[in-house]
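# Report on the structure
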Amino acid sequence: MTRLTGSALRVTVFVGENDTWHHKPLYTEIVHRAHAAGLAGASVFRGIEGFGASSLIHTSRLLSLSEDLPVAVVVVDTEERVRAFLPQLDELVTEGLVILDPCEVIRYAGRAPNQGEPDGKGKRSS
């Protein structure tokens, strides 16, 4: 398990939920690559409304525009590890926004798998 406290770097990737990489959601590919790279963690947040470089507003309130809502993928790790991951994002993100923010990690702790719950590798403990 990665130990992470103190100064860190947060990368946030804003894409559309319909953006794909080899026929699967782009956000899924980003999370799986971050996991494979051994980064401390990644989370995906689905927006309810937004616009980007195209200036087209995407919202869940209007049925005709409810497609392709904004999605943010957030990854936090040490600056060195996040910067080493950036070339993969450069390959994956052809439309969207990638930002970096310095941050401070106060607490980073996982929970021990309970009986019958999936462990960190998706397997159930016995």
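Residues numbered from 1 in each chain as written. Predicted model: local features only at pLDDT ≥ 70, side-chain atom pairs only at ≥ 80, totals over all residues. Heavy atoms only, no water.

### Let's talk about the pairing of strand β1 (residues 6–16)
Regular strands have side chains that alternate between both faces of the sheet. Selection criterion: By definition, two strands form a pair when at least two bridges between them are found by DSSP. Here a helix means four or more residues in a row that DSSP labels H or I, a strand means two or more in a row labelled E, and each is numbered from the N terminus.
In terms of strand pairing, β1 meets strand β8 (residues 97–105) through nine bridges, oriented antiparallel. From the neighbouring strand, Thr12 faces β8, where its bridge partner is Ile99. The pairing of β1 with strand β7 (residues 70–77) spans eight bridges and is classified as antiparallel. Within β7, the residue paired with Leu9 across the bridge is Asp77.

### Considering the environment of Phe14
Put simply, the test is: Exposure classes here rest on a 1.4 Å probe applied to the protein chains alone. A residue is buried below 20% of its type maximum, exposed above 50%, and partly exposed in between. We call two residues in contact whenever any of their non-hydrogen atoms come within 4.5 Å of each other.
The topology assignment puts Phe14 in strand β1. Among the residues examined, Phe14 registers a relative accessible area of 34% and is labelled partly exposed. Between the C-alpha atoms of Phe14 and Tyr27, which are 13 residues apart in sequence, the distance is 9.2 Å. Sequence-distant contacts of Phe14, that is, excluding residues within four places in its chain, are made with Val71, Ala72, Gly96, Leu97 and Ile99.

### Observations concerning the sheet that holds strand β4 (residues 42–46)
Worth spelling out the cut-off: Inter-axis angles, ranging from 0 to 180 degrees, are taken between N-to-C directions of lines fitted to C-alpha atoms, where helices are fitted over the stretch in contact.
Spatial ordering of the open sheet is given by β4-β7-β1-β8, a layout of four strands whose pairing is antiparallel. In the strand order of this sheet, the two ends are held by β4 and β8, each with one partner. Across the sheet, the axes of successive neighbouring strands diverge by a mean angle of 20 degrees, strand direction being ignored. Across the sheet, helix α1 (residues 26–36) is in contact with β1, β4 and β7; its angle to β7 comes to roughly 5 degrees.

### Details of unusual backbone geometry
You will see that His22, though not glycine, has its phi angle at about 50 degrees, which is positive. Relative to the helices and strands, His22 resides in the loop between β2 (20–21) and β3 (24–25). Among the residues examined, His22 registers a relative accessible area of 63% and is labelled exposed. Look at His23: it is not a glycine, yet its phi comes out positive at around 70 degrees. Mapped onto the fold, His23 is located in the loop between β2 and β3. A relative accessible area of 82% places His23 in the exposed class.

### Things to note about the pairing of β7
Within β7, six of the eight residues are buried, which leaves the element mostly enclosed by the surrounding structure. Of the strand pairs in this sheet, β4 and β7 are connected by five bridges, and their pairing is antiparallel. When the sheet's bridge partners are listed, Val44 is paired in β7 with Val73.

### Topic: the pattern of salt bridges
Stated precisely, the cut-off is as follows: What counts as a salt bridge is simple: a side-chain nitrogen of Lys or Arg found within 4 Å of a carboxyl oxygen of Asp or Glu.
Under the counting rule described, the total for this entry stands at seven salt bridges. Here Asp101 ties to Arg10 by a salt bridge, and the two come within 3.6 Å at their closest N and O atoms. Here the residue Asp101 occupies a position in strand β8, and Arg10 occupies one in strand β1, the gap between them amounting to 91 residues. For Asp101, a relative accessible area of 23% puts it in the partly exposed group. Glu91 serves as the salt-bridge partner of Arg33, at 3.0 Å between the closest nitrogen and oxygen. Of this pair, Arg33 sits in helix α1 while Glu91 sits in helix α2 (residues 79–92), and the two are 58 residues apart along the sequence. Assessed through its relative accessible area of 15%, Arg33 is described here as buried.

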